[in-house]
Amino acid sequence: MNLLAWILLGLIAGAIAKAIDPAARGGGGILGTLLLGIVGAFVGGSLATLLTTGKLTFTATTFSIPGILIAVLGAIIAVFIWHRIIGGVA
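Residues take numbers from 1 onward in each chain, read along the sequence in its written order. Totals for whole chains, interfaces and linings use every residue, but because this is a predicted model, local features are given only for residues with pLDDT of at least 70 and side-chain atom pairs only at 80 or more, for both listing and counting. In computing side-chain properties, one takes all heavy atoms of the structure into account and sets aside hydrogens as well as water.

- Per an unreviewed UniProt entry, the protein chain goes by the name GlsB/YeaQ/YmgE family stress response membrane protein and belongs to Aetokthonos hydrillicola Thurmond2011.
- UniProt positions are given in the numbering used here, feature names are shortened, and annotations may be inferred rather than shown by experiment. Recorded in UniProt for the protein chain, the comment headed Subcellular location (unreviewed entry) runs: "Cell membrane".
- Word for word, the UniProt comment on the protein chain under Sequence similarities (unreviewed entry) is "Belongs to the UPF0410 family."

**Observations concerning the UniProt feature "transmembrane region" (unreviewed entry) in the protein chain**
Logical step 1: When the UniProt feature table is mapped onto this chain numbering, "transmembrane region" (unreviewed entry) sits at residues 29–51 and 63–85.
Logical step 2: Taken end to end, residues 29–51 is 100% helix and 0% strand, and its first and last C-alpha atoms sit 32 Å apart.
Logical step 3: Each helix is a run of H or I in the DSSP string that is no shorter than four residues. Each strand is a run of E no shorter than two, and both are numbered from the N terminus. Helix makes up 91% of residues 63–85 and strand makes up 0%, while its end C-alpha atoms are separated by 29 Å.

**A short note on helix H3 (residues 65–86)**
Logical step 1: Under the 1.5 Å per step criterion, the end-to-end length of H3 is 32 Å for 22 residues, consistent within 8% with the ideal 32 Å.
Logical step 2: Partly exposed describes any residue whose relative accessible area lies between the buried limit of under 20% and the exposed limit of over 50%, with all areas from a 1.4 Å probe on protein chains only and scaled to the type maximum. For H3, the complete set of buried residues consists of Gly67, Ile68, Ala71, Val72, Gly74, Ala75, Ala78, Val79 and His83. Take the number of residues in a helix, subtract one, and multiply by 1.5 Å to get its expected span.

**Points about the nonpolar core**
Logical step 1: Counting residues in each nonpolar core, the largest one holds 11 residues, listed as Trp6, Leu9, Ala13, Ala17, Leu36, Ala41, Ile68, Ala71, Val72, Ala75 and Val79.
Logical step 2: Of all the secondary-structure elements, those providing two or more residues to this core are helix H1 (3–20), helix H2 (29–53) and H3.
Logical step 3: Sort the elements by how many residues they give to this core and H3 lands first, with five residues.
Logical step 4: Contact definition: two residues touch when any of their heavy atoms are within 4.5 Å. Excluding residues that lie within four positions of it along the chain, Ala75 makes contacts with Ala17, Leu36 and Gly40. Working definition of a nonpolar core: buried Ala, Val, Leu, Ile, Met, Phe, Trp, Tyr and Cys residues. They are joined through side-chain atoms within 4.5 Å.

**Some points on the environment of Lys18**
Logical step 1: Of note, Lys18 is situated in helix H1.
Logical step 2: Residues Lys18 and Thr33, spaced 15 residues apart in sequence, show a C-alpha to C-alpha distance of 7.6 Å.

The structure is reproduced here in structure tokens:
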């Protein structure tokens, strides 16, 4: 996937995750939203690959409707894990 598609996927997935999950709303601005979406694409893509193939590989989702949904789910999971690591409470 080219860089522009990654940026667009990251912004869309990060914005949707921030709208859904109250823990994700804390600061970060547009760069935080972008990074949240890109991390979510990798987390969601890796989990989807694990569930479908049984192998854990570091993959990302594609720029499609199912890919965006998986990236949003991955972003929510990433925020959940991040808040448990740093001890933040939403």
